Amino acid sequence: MATTNYHEEQNKQNIIKLRNVLAELPSFCRQFFLGIEDYTSARTRLAYAYDIRLFFEFLHEENSVCRKMEITDYPLDLLNQLTRLDIEEYLQYLSYYEKDGREYTNDERGKSRKLASLRSFYNYFFENEMIEKNPASLVPMPKLHEKNIIRLEPNEVAILLNQVENGDKLTEKERSFHEKTKFRDVALLTLLLGTGIRVSECVGLDLKDLDFESNGIRIKRKGGYESIVYFGDEVETALLDYLEQRHHIIPMQGHENALFLSLQNRRMAVRSVENLVKKYASRVTTLKKITPHKLRSTYGTSLYRETGDIYLVADVLGHKDVNTTRKHYAALEDERRRSAANKVRLRDP
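This structure is a prediction, so every number in the text was calculated from the model and none was measured.

Caption draft 1: Representation of the packing of aromatic side chains within the structure. For the coordinates displayed, the defined rule picks out 19 aromatic pairs. Judged by centre distance (5.2 Å) and plane angle (85 degrees), the ring pair of phenylalanine 32 and phenylalanine 121 falls under edge-to-face. Of this pair, phenylalanine 32 sits in helix H2 (residues 29-35) while phenylalanine 121 is found in helix H6 (residues 108-127), placing the two residues 89 residues apart along the sequence. By the burial criterion, phenylalanine 32 is buried, and phenylalanine 121 matches it. Taken together, a centroid distance of 5.0 Å and an interplanar angle of 50 degrees make the contact between phenylalanine 58 and tyrosine 93 tilted. Taken as a pair, phenylalanine 58 in helix H3 (residues 42-62) and tyrosine 93 in helix H5 (residues 84-94) lie far apart in primary sequence, 35 residues in all.

In structure tokens:
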């Protein structure tokens, strides 16, 4: 069996899932996904497919005409027959609906993403002159309310890492696992906090991606491009401590190259890291819901406070658009602007 390449395996799984979803959609949808294949990742296309499937499921459930046909039999002309009102009712439906016995809700961000998917879908057929109407373009995007960025303060970072090292607030059962995973957990959280990489980038790391000569790691960013991120002495120490233990572990076949291994000696999954962070964070703070992404925000905040360079922060975090970074750290930028008020003296006191 060939050694698993994390990113190639994830891409393959996403392609398989996409094919399965397409089998549940009208046949004309395949043309849309073929049309966007050259400039989107399989993960992005799968997200589009889930959103578009939900739209057709809404029509099948709520629209008396659509209910008479199977979703797979819907003709392309159906898009011409739908109106702005249909799409506005769809957005209202997204606020709360039930599917397969489960309840689902969407806030303005969830609605905004699903409307963006539908707009791209409609735009493709409209721009290729395959339909005459584009009602999706008439529906305004939901107004997004700014959310406070949750991040750890420096003292909270220290408390969190101490808890990962000591595990004294864990349950008795958790402490028995902690003895086996302490070095891995310290290395993993120190790496996330010390570099700001995404959890998907972290679990995708292979042993060969580490370079202690330059203290750099090679990661694959969203969009598929590679980047080098550099780490400091604390991250280096934590990684070397873990690697000393890692070299004595025999991985499962196909997972020999993975940097971070689970207790089953397989490459760790994103969900495993999310649960790991949740476990430790719940022991040190009750007021903040800490996730791997919040650790990324913590790093971005610290880097910006130290450097004041929003372009550097955007580059290190892998943001393609610096405006994305500026939006997240707007409060800090305002804080810096306020501090400038008394920096320049017009007259000697």
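From this point, the discussion proceeds with the structure in view.
Caption draft 2: Inspection of unusual backbone geometry at higher detail. Positive phi outside glycine occurs at aspartate 100, with the angle close to 50 degrees. The topology assignment puts aspartate 100 in the loop between strand E1 (96-99) and strand E2 (102-105). Its identity as a non-glycine residue notwithstanding, asparagine 215 has a phi of 55 degrees, on the positive side. With respect to the element layout, asparagine 215 can be found in the loop between strand E3 (210-211) and strand E4 (216-220).

Caption draft 3: Quick look at the layout of surface pockets. Approximately 440 Å³ is the volume found for the second largest pocket. Around the second largest pocket, the lining comprises 19 residues; the ones closest to its centre are Val157, Leu193, Gly194, Glu234 and Ser302. At the level of secondary structure, the elements contributing two or more residues to the lining of the second largest pocket comprise helix H7 (154-166), helix H8 (172-195), helix H10 (233-246) and helix H12 (292-307). With six residues, the single largest contributor to the lining of the second largest pocket is H12. The class makeup of the residues in the lining of the second largest pocket is seven nonpolar, six polar and six charged.

Caption draft 4: Just the nonpolar core, in detail. In this structure, Leu188, Ile197, Ile217, Phe260 and Leu295 are the most contacted members of the largest nonpolar core, which totals 40 residues. Residue assignment for this core shows that the elements contributing at least two residues are H7, H8, helix H9 (199-203), E4, H10 and helix H11 (270-284). For this core, the element with the most residues is H8, which contributes seven residues. If we ignore the near neighbours within four places in the chain, the residues touching isoleucine 197 are Leu191, Leu192, Cys202, Leu205, Ile217, Ile219, Val229 and Arg296.

Cut-offs and rules
- Residues numbered from 1 in each chain as written.
- Predicted model: local features only at pLDDT ≥ 70, side-chain atom pairs only at ≥ 80, totals over all residues.
- Heavy atoms only, no water.
- Phe/Tyr/Trp six-rings, centres within 6.5 Å; stacked < 30°, edge-to-face > 60°.
- Helix = DSSP H or I, 4+ residues; strand = E, 2+ residues; numbered from the N terminus.
- Buried < 20%, exposed > 50% of the residue type's maximum accessible area, 1.4 Å probe, protein only.
- 1 Å grid on protein atoms, 1.4 Å probe; cavity = no way out; pocket = protein on both sides within 12 Å on 5 of 7 lines; lining within 4 Å.
- Points joined across faces, edges and corners; volume = space filled by probe spheres on them.
- Nonpolar A, V, L, I, M, F, W, Y, C, P; charged D, E, K, R; others polar.
- Core = buried A, V, L, I, M, F, W, Y, C linked by side-chain atoms within 4.5 Å.
- Contact = heavy atoms within 4.5 Å.

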